[in-house]
Amino acid sequence: GDVNVAQGRYDAALEQFTHAYAIAPTKPDVLWRYGHALWHVGSGVEARRVYESAIKYDRRCVQAYVGLARIALADAQYQSALDHLRIACELEPHAVIHKIELIETLIALKKPEECTALLPQVLKTLPADVAILQRFAVIAIVLGITAEAISALDRALVIDANNADTHCLLGRAYKQSGNGQK
């Protein structure tokens, strides 16, 4: 199932995780993966139920909290998403992606002061991942912290110098910083 998810074949993954669920309906690792596949095939209500079951069996099942947060975000239930993401960040304090999703949710809730407080933690631990660096840069641009956005985007260009999205974001950051000539 995990291979099918990685390759974007969610219907095939769902079939495999449905089988795994039939065998082990109380195993959190099976439940969150099953929920993930359900979510990707458009069964959000069922995915929510499965994620909640995963948490019932293991209160530390980070992926279930993240899954619930993503469902809440898709439904514009930002406070619910925030609550789930806070738990995910507590359980996995070094997972930068959870902190980025938390900050994005705080932005949606119009809580920039909390975002700004979290940014230094994220900035120190940004991985060499173009997508994460781009998401961080968007956050920094929204918060008006263009120097950090430019730094993250420069790192992204070292990884992939031909990434058009990175170049576009970099132009936006330079323009916001008052240096539209770059």
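Keep in mind it's a predicted model, so treat the numbers as computed, not measured.

1. Looking at the overall build of the chain
Okay, so step 1: From N to C terminus, the chain includes eleven helices and zero strands.
Okay, so step 2: Taken along the three principal axes of its C-alpha coordinates, the chain extends 60 × 35 × 25 Å.
Okay, so step 3: Taking all 182 residues of the chain together, 41% fall into the buried category.
Okay, so step 4: Long-range pairs, those at least 24 residues apart, make up 45% of the contacts in the chain between residues at least 6 apart in sequence.

2. Section: the pattern of salt bridges
Okay, so step 1: Going through the model one piece at a time under the given rule, you end up with seven salt bridges.
Okay, so step 2: Across the pair Asp 75 and Arg 48 runs a salt bridge whose closest N-O atoms are separated by 3.1 Å. One end of the pair, Asp 75, is in the loop between helix H5 (62–74) and helix H6 (78–91); the other, Arg 48, is in helix H4 (residues 44–57), with 27 residues separating them in the sequence.
Okay, so step 3: Judged by relative accessible area, which is 43%, Asp 75 ranks as partly exposed.
Okay, so step 4: Judged by relative accessible area, Arg 48 falls into the partly exposed class, the value being 23%.
Okay, so step 5: Via salt bridges that share partners, Arg 70, Glu 101, Glu 104 and Arg 135 belong to a single interconnected network.

3. Quick word on helix H10 (residues 146–159)
Okay, so step 1: The terminal C-alpha atoms of H10 lie 20 Å apart, and with 14 residues this matches the ideal 20 Å at 1.5 Å per residue to within 8%.
Okay, so step 2: Residues Thr 146, Ala 149, Ile 150, Ala 152, Leu 153, Ala 156 and Leu 157 constitute the buried set of H10. For H10, the angular spread of buried residues about the axis comes to 165°, placing them on one side. Among the exposed residues of H10, those pointing more than 90 degrees away from its buried face are Ala 147 and Val 158.
Okay, so step 3: Buried residues along H10 sit against helix H9 (130–142) and helix H11 (164–176).

4. Remarks on the environment of Lys 56
Okay, so step 1: Note that Lys 56 resides in helix H4.
Okay, so step 2: Note on Lys 56: relative accessible area 58%, which makes it exposed.

5. Describing the environment of Lys 111
Okay, so step 1: In this fold, Lys 111 is placed in the loop between helix H7 (96–108) and helix H8 (112–124).
Okay, so step 2: Discounting chain neighbours no more than four positions away, the residues touching Lys 111 are Gln 79, Leu 82 and Leu 106.

6. Describing the packing of aromatic side chains
Aromatic ring pairs are reported here in terms of the distance separating the ring centres and the angle at which the planes meet.
Okay, so step 1: Per the counting criterion, the structure on display carries one aromatic pair.
Okay, so step 2: Ring centres of Tyr 21 and Tyr 34 lie 4.7 Å apart, and the angle between their planes is 25°; this geometry places the pair in the stacked category. Of this pair, Tyr 21 sits in helix H2 (residues 10–23) while Tyr 34 sits in helix H3 (residues 28–40), placing them 13 residues apart in sequence.
Okay, so step 3: What makes Tyr 34 buried here is its relative accessible area of 8%.

Cut-offs and rules
Residues numbered from 1 in each chain as written. Predicted model: local features only at pLDDT ≥ 70, side-chain atom pairs only at ≥ 80, totals over all residues. Heavy atoms only, no water. Helix = DSSP H or I, 4+ residues; strand = E, 2+ residues; numbered from the N terminus. Buried < 20%, exposed > 50% of the residue type's maximum accessible area, 1.4 Å probe, protein only. Contact = heavy atoms within 4.5 Å. Salt bridge = Lys/Arg side-chain N within 4 Å of Asp/Glu carboxyl O. Expected span 1.5 Å × (residues − 1). Arc of directions from axis to C-beta. Phe/Tyr/Trp six-rings, centres within 6.5 Å; stacked < 30°, edge-to-face > 60°.

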